[in-house]
Amino acid sequence: MAEQETSKGVAYGLCAYIMWGCFPLYFVLFEGVPAWEVVTHRVLWSCVFLAIIITFLKRWQPVKTALARPKKLGFVLGCAVLIAVNWGVYIYAVESRQVLQASLGYFLTPLVNVGLGMLVLKESISRLQIVAVVLATIAILYQLFLLGVVPWITLVLAFSFGTYGLLRKQVALDGLSGLFVETLLLLPVALLTLAALNYAGASHFATDTGTMLLLLSSGIVTAVPLLFFAGAARRLRLSTVGFLMYINPTIQFFIALWVFGEPLSTEKLVSFIMIWVALGLYSWSAWSEHGKPAPA
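Residues numbered from 1 in each chain as written. Predicted model: local features only at pLDDT ≥ 70, side-chain atom pairs only at ≥ 80, totals over all residues. Heavy atoms only, no water.

**Considerations on the packing of helix 6 (residues 99-119) against helix 12 (residues 247-258)**
Argument step 1. Viewed as axis vectors pointing N to C, helix 6 and helix 12 meet at an angle of 165°, and their least axial separation amounts to 8 Å. It follows from the interaxial angle that helix 6 and helix 12 lie roughly antiparallel. Every pair of crossing elements has a handedness; the one defined by helix 6 and helix 12 is left-handed. In this structure, helix 6 uses Val99, Leu100, Ala102, Ser103, Tyr106 and Phe107 to contact helix 12, whose residues at the interface are Pro249, Thr250, Gln252, Phe253, Ala256 and Leu257.
Argument step 2. Across the contact of helix 6 with helix 12, the residue classes tally to nine nonpolar, three polar and no charged. (Axes fitted to C-alpha atoms, helices over the stretch in contact; angles between N-to-C directions. Helix = DSSP H or I, 4+ residues; strand = E, 2+ residues; numbered from the N terminus. Parallel < 35°, antiparallel > 145°, perpendicular 65-115°, else oblique. Left-handed = near helix turned anticlockwise from the far one by under 90°. Contact = heavy atoms within 4.5 Å. Nonpolar A, V, L, I, M, F, W, Y, C, P; charged D, E, K, R; others polar.)

**Considering the side chain of Thr109**
Argument step 1. Along the chain, the position of Thr109 falls in helix 6.
Argument step 2. Once residues within four sequence positions are removed from consideration, Thr109 is found in contact with Leu157, Ala158, Phe161 and Gly162.

**As for helix 12**
Argument step 1. For helix 12, which comprises twelve residues, the first-to-last C-alpha distance of 16 Å matches the rise-based estimate of 16 Å (1.5 Å per residue) to within 8%.
Argument step 2. Restricting attention to buried positions, one finds in helix 12 the residues Asn248, Pro249, Gln252, Phe253, Ile255 and Ala256. Taken end-on, helix 12 shows its buried residues confined to a sector of 165°, consistent with a single buried face. (Expected span 1.5 Å × (residues − 1). Buried < 20%, exposed > 50% of the residue type's maximum accessible area, 1.4 Å probe, protein only. Arc of directions from axis to C-beta.)

**Regarding the packing of aromatic side chains**
For any two aromatic rings, the description comes down to two numbers: the centre-to-centre distance and the angle of the planes.
Argument step 1. The final tally for this structure, using the stated rule, is 22 aromatic pairs.
Argument step 2. Both rings, one in Phe23 and one in Phe27, keep their centres 5.4 Å apart while their planes meet at 80°; by these two values the pair is edge-to-face. Of the two residues, Phe23 and Phe27 both sit in helix 2 (residues 23-27), four residues apart, roughly one turn of that helix. Phe27 shares its class with Phe23; the two are buried.
Argument step 3. On the numbers, 5.7 Å between centres and 35° between planes, the contact of Tyr92 with Trp152 is tilted. Of this pair, Tyr92 sits in helix 5 (residues 74-95) while Trp152 sits in helix 8 (residues 152-168), and the two are 60 residues apart along the sequence.
Argument step 4. Judged by relative accessible area, which is 40%, Trp152 ranks as partly exposed.
Argument step 5. Pairwise contacts between aromatic rings join Phe23, Tyr26, Phe27, Phe30, Tyr90, Tyr106, Phe161 and Tyr164 into one cluster.
Argument step 6. Sitting over the face of the ring of Trp87, Arg42 holds its NZ or CZ atom 4.2 Å from the ring centroid. (Phe/Tyr/Trp six-rings, centres within 6.5 Å; stacked < 30°, edge-to-face > 60°. Lys NZ or Arg CZ within 6 Å of the ring centre and 35° of its normal.)

Quick look at the structure:
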């Protein structure tokens, strides 16, 4: 029975991370719609779809408990703002064909988590993890000085999602309920933005059926991988989930090269290699501490 549950967990994890990895192929279809407008629709329709899912699963009690304590929603609001920033910058990266920078950001996220845990939560980390964080920092500085450009998409995605994870640790909500409350807090801003767009005649929602359906589908596309991820997280060791996580930016990396034809300069490749080595050190350290993943 345990092996069967582990196999299910791996299957759910693969579904979640493969879906997230293929997100560039979905969001590129929104070409012509500003990233921030896509985010507002993503907030709206995610909220609607998640409410349906929570009703179906009869999971309203955690949501009611959280909303009954508005003074304790500060961390949730912080999570909501960070996830909105992350979504917006990611969609912008896809629309502007900078998916390589986006994938590097998600490769970098685990190392940002380690660094934030050390600096903010005063967590003790191993020497290998310290080396990994330092190597990742050198990789970013390498891009900065050799290319003369701040890799802001990489940094914003990594630090927004890393800080999101840091704040999320302070919130006693599961992934499904947490995301719903986060989008619910953003809903008034989203509705006001959409109302202003309609009033100004600048909304893309009713321009054509294809765009309308895409915007409507953003809620489903947001929630479905999360549900798969929740199923994986309940059944797998943390180290196994962490290993599967690299599938997402790896798929994005190859989509950027093979589908979008983004150029990969020697300087960028070197920075990627440094990040990959850092991730290898981090993974080795994590497995040494928590044990090897259970076989699928």
